[in-house]
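Listed below are the residues making up each chain.
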Amino acid sequence: MRRTTDRLTVFALALVLQAALSYVLGPPPDGRTTWLAWGLAKSRHLASLPPRLRVFAPFAASLAAIRGAALIERGRPGGGGRAMSILFQAVLLAATFDAWRGLRDSEAVQRQLADAPLDDDGRPLAALDSDRIEAEIGRLANAPNETVVGPWAAYAAFDLSGAVAYAAVESLGGPMAGPGSEGPLTAMLDPARRLVSVRRGRDAIAAAATLAARGRSDLQPPELEELALGSETPIPVTAMSVALDRRASWNGRSVGWQRPQPDIEDLGRARRLHLKALGLLALTAAGVVAIGDLFRPPRSSDDEEWPE
């Protein structure tokens, strides 16, 4: 149980550190999605490695970091050593995701819309720009599956090394590597389609969290068909459109075109729904950590060997 308690503490502390980091420093520099991605991009040692090794270097480094945390705790067996180990791991975990990206960006847009000049009827002109609001709702809906679901699921299932490995994978290859970047992981794995199912599962989890946060149990056949087919739009964007019963857009493609156009109030609703979905995802990850302990074989040295 001590191992599970420590893992849950690491996860909770990482969320707090993320909030503080977002408030003090804002988003990671250079448009990177996570601080780990920014660190990997700035690492000269990583760039000097052969492409096939770049993917696995962060994973190996995370294993070394976890073992280092274990040595810290063993070297100081009192409460201080354990606290330092937990803090060390929480800082590393916090670098693998950005839970507040969607809220941070949408708040800036909502503030701009609210401060826009008024029309003759006293309504903010920018707040009437439904196309911009549609696009922001789409970005807000897609934020969890881009920056939270993968690292949180990997941490819940495979511990800290899994979260670091997943974040490194998304940073070094694929969309998160940056515009026009193929990345070593893309070259290695995407031709074999080994990441497709992982990303589809990630998107489905984020979409389910959005619908669950809205409490939609009255989905109609057209809405179910829209969610099932998905088209070229990420499923979480479609789910947000269904949950709000408003249009959303992604890369200029409108979702739910038969639904009413959104206004600034709908953007506020989307932000609240997004925050609830994040809460559900966090609780789910914590639940997986706790339940996983029930199926883990008991070990007499459990208290001494954590973290592994």
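So, how was this worked out
Residues numbered from 1 in each chain as written. Predicted model: local features only at pLDDT ≥ 70, side-chain atom pairs only at ≥ 80, totals over all residues. Heavy atoms only, no water. Helix = DSSP H or I, 4+ residues; strand = E, 2+ residues; numbered from the N terminus. Contact = heavy atoms within 4.5 Å. Areas by Shrake-Rupley, 256 points an atom, 1.4 Å probe, with all protein chains shown as cover. Polar contact = N/O pair within 3.5 Å; in protein donor to acceptor, adjacent residues only side chain to side chain. Salt bridge = Lys/Arg side-chain N within 4 Å of Asp/Glu carboxyl O. Buried < 20%, exposed > 50% of the residue type's maximum accessible area, 1.4 Å probe, protein only. Core = buried A, V, L, I, M, F, W, Y, C linked by side-chain atoms within 4.5 Å. Phe/Tyr/Trp six-rings, centres within 6.5 Å; stacked < 30°, edge-to-face > 60°. Lys NZ or Arg CZ within 6 Å of the ring centre and 35° of its normal.

Trainee: Which residues make up the overall build of the protein chain, and what are the values?
Mentor: When helices and strands are tallied, the protein chain shows 15 helices and two strands. Taking the intrachain contacts of the protein chain between residues at least 6 apart in sequence as the baseline, contacts between residues at least 24 apart amount to 69%. For the protein chain, the exposed surface amounts to about 15,600 Å²; the carbon and sulfur share of it is 60%.

Trainee: Requested: an account of the environment of N145, with residues and values cited.
Mentor: Among the structural elements, N145 can be located in helix α8 (residues 130–147). For the pair N145 and G201, spaced 56 residues apart in the sequence, the C-alpha separation amounts to 9.5 Å. Those residues in contact with N145 that lie beyond four places of it in its chain are R202, D203, A206 and P236. In terms of polar contacts, N145 uses its side chain to reach the side chain of N142, at 3.2 Å.

Trainee: Explain the pattern of salt bridges residue by residue, including any values.
Mentor: Counted by the stated rule, this structure contains 10 salt bridges. A salt bridge links R104 to D98, with the nearest nitrogen and oxygen atoms 2.7 Å apart. The exposure class of R104 is buried, given its relative accessible area of 17%. A residue is classified by how much of its surface remains accessible, and D98, at 5% relative accessible area, is buried. R139 serves as the salt-bridge partner of E136, at 2.7 Å between the closest nitrogen and oxygen.

Trainee: How would you sum up the nonpolar core? Please name residues and give values.
Mentor: F11, L93, F97, I137, W152, Y155 and M240 are the most contacted members of the largest nonpolar core, which totals 54 residues. Broken down by element, the residue count for this core peaks at 10 residues, all from helix α14 (residues 264–295). If we skip the residues at most four places from it in the chain, L93 touches V10, F11, A14, Y155, L160 and A163.

Trainee: With reference to specific residues and values, describe the packing of aromatic side chains.
Mentor: Under the counting rule described, the total for this entry stands at three aromatic pairs. Ring centres 6.1 Å apart and planes at 15° place the aromatic pair F11 and Y155 in the stacked group. With F11 in helix α1 (residues 2–25) and Y155 in helix α9 (residues 149–172), the pair connects residues that are 144 residues apart, well separated along the chain. Here F11 matches Y155 in class, with each residue buried. Ring geometry for F97 against W152: centres 5.6 Å apart, planes inclined by 80°, an arrangement best described as edge-to-face. Linking F97 in the loop between α6 (79–94) and α7 (101–114) with W152 in helix α9, this pair joins segments that are 55 residues apart in sequence. This pair shows no difference in class: F97 is buried, exactly as W152 is. Three or more aromatic residues joined by ring pairs form one cluster here, namely F11, F97, W152 and Y155. A cation sits over an aromatic face here: R7 above Y155, 4.9 Å from the ring centre.

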